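Summary of structural features
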Amino acid sequence: MKFMIKFTLITQKFSTMLSNTRTLKTDYRQELRSFLNELKNRELNSSINIGLASVRLIKKLIGESKWTTAGELLEILKKEEKNLFECIPTETNVRNVWKRVIKIIKDESVVIEQRNQSKIDSLQGNLFQSNICQNLALSHNELKPIMIEALSEIILELESAVSSIASQSVEHIHENEVIFTMGKSQTVEAFLKNAARKRKFHVIVAENAPYLDGHQVASNLQKAGLDVTLITDSAIFTIISRVNTVIIGTKSIFANGGLKAYTGTHSLALAAKHHNIPLIVCASLLKLSPEYFANTNNLPELLPCDDVLSSDFHPNLTVLNPSFDYVPPELINLFIFNTTKTAPSYVYRLIREMYAIEGDEDELF
């Protein structure tokens with residue numbers, strides 16, 4: 001019943017949002033409808049695919065909207081962002097792409113104005129000051145080719161993210177080590193497979209109930225020639241003392257370095273911390289979010305209880321099936337991104353470089 005009510009509310013928000021975009025051309029509305037349907041039906045099965053679909057949507061919005069200056073384009077993007085995330089508030093990776101594009105427009109406005117304003121000593125030093133000189137009157141003809149190139153660079157970054165992260169694997173996995181992983185992550189799979197080309201090591205995979213994603217991960221790694229052991233989630237604490245390194249993926253990374261990770265990851269991280277085993281997170285920069293977990297409405301969405309208990313059960317029995325775990329930054333040792341690697345305490349620096357931070361809602365630092 002609760003699931004049906006939630007589904008109805010989402011559908012209502014979806015219809016309202018489409019009506020709010022009636023001033024835009026039909027192609028964008030169709031793209032938006034298709035994008036939201038794919039998210040709702042979980043057809044976009046990886047963060048990279050979600051990011052690429054988001055860039056395509058923004059590209060179509062920029063191409064079809066009527067705007068003459070950078071300021072007008074910013075207002076259009078902010079309005080669409082607000083409408084979109086009233087409909088899909090839990091899709092943090094989609095929001096990250098939108099905020100990154102907004103940041104690009106602001107950066108380009110500053111760069112071009114800097115050419116005419118000798119008083120600005122340093123773009124990097126002044127970018128986050130409230131009195132920065134921005135040329136938001138930048139014309140359509142000046143800004144549009146810049147945006148097309150910037151969006152193409154984001155697409156290229158997303159498409160190469162997995163291979164860029166995987167190429168760093170031999171620096172972190174050594175001969176005859178035992179590696180533990182949990183959750184279905186395309187990035188982690190590629191990371192382990194790449195290391196196996198030059199190193200011989202053993203991988204332990206938790207089955208990750210109730211969806212048992214670990215079964216597919218273990219099968220994929222075994223087919224790639226790795227030595228793999230699959231265990232139940234309840235055996236994690238027993239096995240973890242024999243492990244050299246824990247390597248996991250994540251759904252999103254909050255501004256404080258905490259994770260929005262696969263269900264069960266928090267227990268794994270606590271066990272690793274207890275035994276002083278390093279925990280490494282492999283993720284693309286797309287997953288860096290300028291939000292704090294405590295400041296969002298992103299409390300774990302409860303997935304259908306039928307996925308936990310397949311048979312009929314007493315109506316007074318409450319079954320909780322959260323969609324993710326929050327892992328605090330003190331349980332994490334290292335982040336490996338496609339362009340860099342860093343400790344959780346330095347995540348805020350990357351966020352400063354990537355996103356526009358303005359007003360009370362987005363002010364993080």
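Note that the structure is predicted; figures quoted are calculated from it, not measured. (Residues numbered from 1 in each chain as written. Predicted model: local features only at pLDDT ≥ 70, side-chain atom pairs only at ≥ 80, totals over all residues. Heavy atoms only, no water.)

Moving on to a nonpolar patch on the surface. Residues Val308, Leu309 and Leu317 make up a contiguous nonpolar surface patch of about 210 Å² in total accessible area. Secondary-structure assignment places Val308 in the loop between β7 (279-282) and β8 (325-327). (Patch = residues over 30% accessible without salt bridge, like charges linked within 9 Å, V, L, I, M, F, W, Y side chains within 5 Å. Areas by Shrake-Rupley, 256 points an atom, 1.4 Å probe, with all protein chains shown as cover. Salt bridge = Lys/Arg side-chain N within 4 Å of Asp/Glu carboxyl O. Helix = DSSP H or I, 4+ residues; strand = E, 2+ residues; numbered from the N terminus.)

Core analysis: the largest hydrophobic core is formed by 42 residues, its most contacted members being Phe35, Leu77, Ile88, Val94 and Trp98. Among the secondary structure elements, those contributing two or more residues to this core are α2 (26-40), α3 (47-64), α4 (70-87), α5 (92-116) and α7 (140-166). Sorting elements by how many residues they give to this core places α3 first, with nine residues. The contact partners of Leu77, leaving out residues within four places of it in the chain, are Ile58, Leu61, Trp98, Val101, Ile102 and Ile105. (Core = buried A, V, L, I, M, F, W, Y, C linked by side-chain atoms within 4.5 Å. Buried < 20%, exposed > 50% of the residue type's maximum accessible area, 1.4 Å probe, protein only. Contact = heavy atoms within 4.5 Å.)

One pass over the full model with this rule turns up two aromatic pairs. Ring geometry for Phe335 against Phe337: centres 5.7 Å apart, planes inclined by 15°, an arrangement best described as stacked. With respect to class, Phe335 is no different from Phe337; both count as buried. Taking the ring centre of Phe324 as reference, the NZ or CZ of Lys260 above it sits at 5.0 Å. (Phe/Tyr/Trp six-rings, centres within 6.5 Å; stacked < 30°, edge-to-face > 60°. Lys NZ or Arg CZ within 6 Å of the ring centre and 35° of its normal.)

Taken as a whole, helix α11 (residues 265-274) has its buried residues at Thr265, Leu268, Ala269, Ala271 and Ala272. Burial along α11 is one-sided: seen end-on, the buried residues are contained in an arc of 160°. Buried positions along α11 lie against β1 (178-181), α10 (236-239), β4 (245-248), β6 (259-261), β7 and β8. Just beyond α11, the residue with positive phi is Asn276, at close to 55°. (Arc of directions from axis to C-beta.)

Looking at the secondary structure, you find Tyr211 in the loop between β2 (202-206) and α9 (213-223). Separated by 96 residues in the primary sequence, Tyr211 and Asp307 have C-alpha atoms spaced 7.4 Å apart. Those residues within four positions of Tyr211 in sequence are excluded, and the remaining contacts are Leu303, Asp307 and Asn321.

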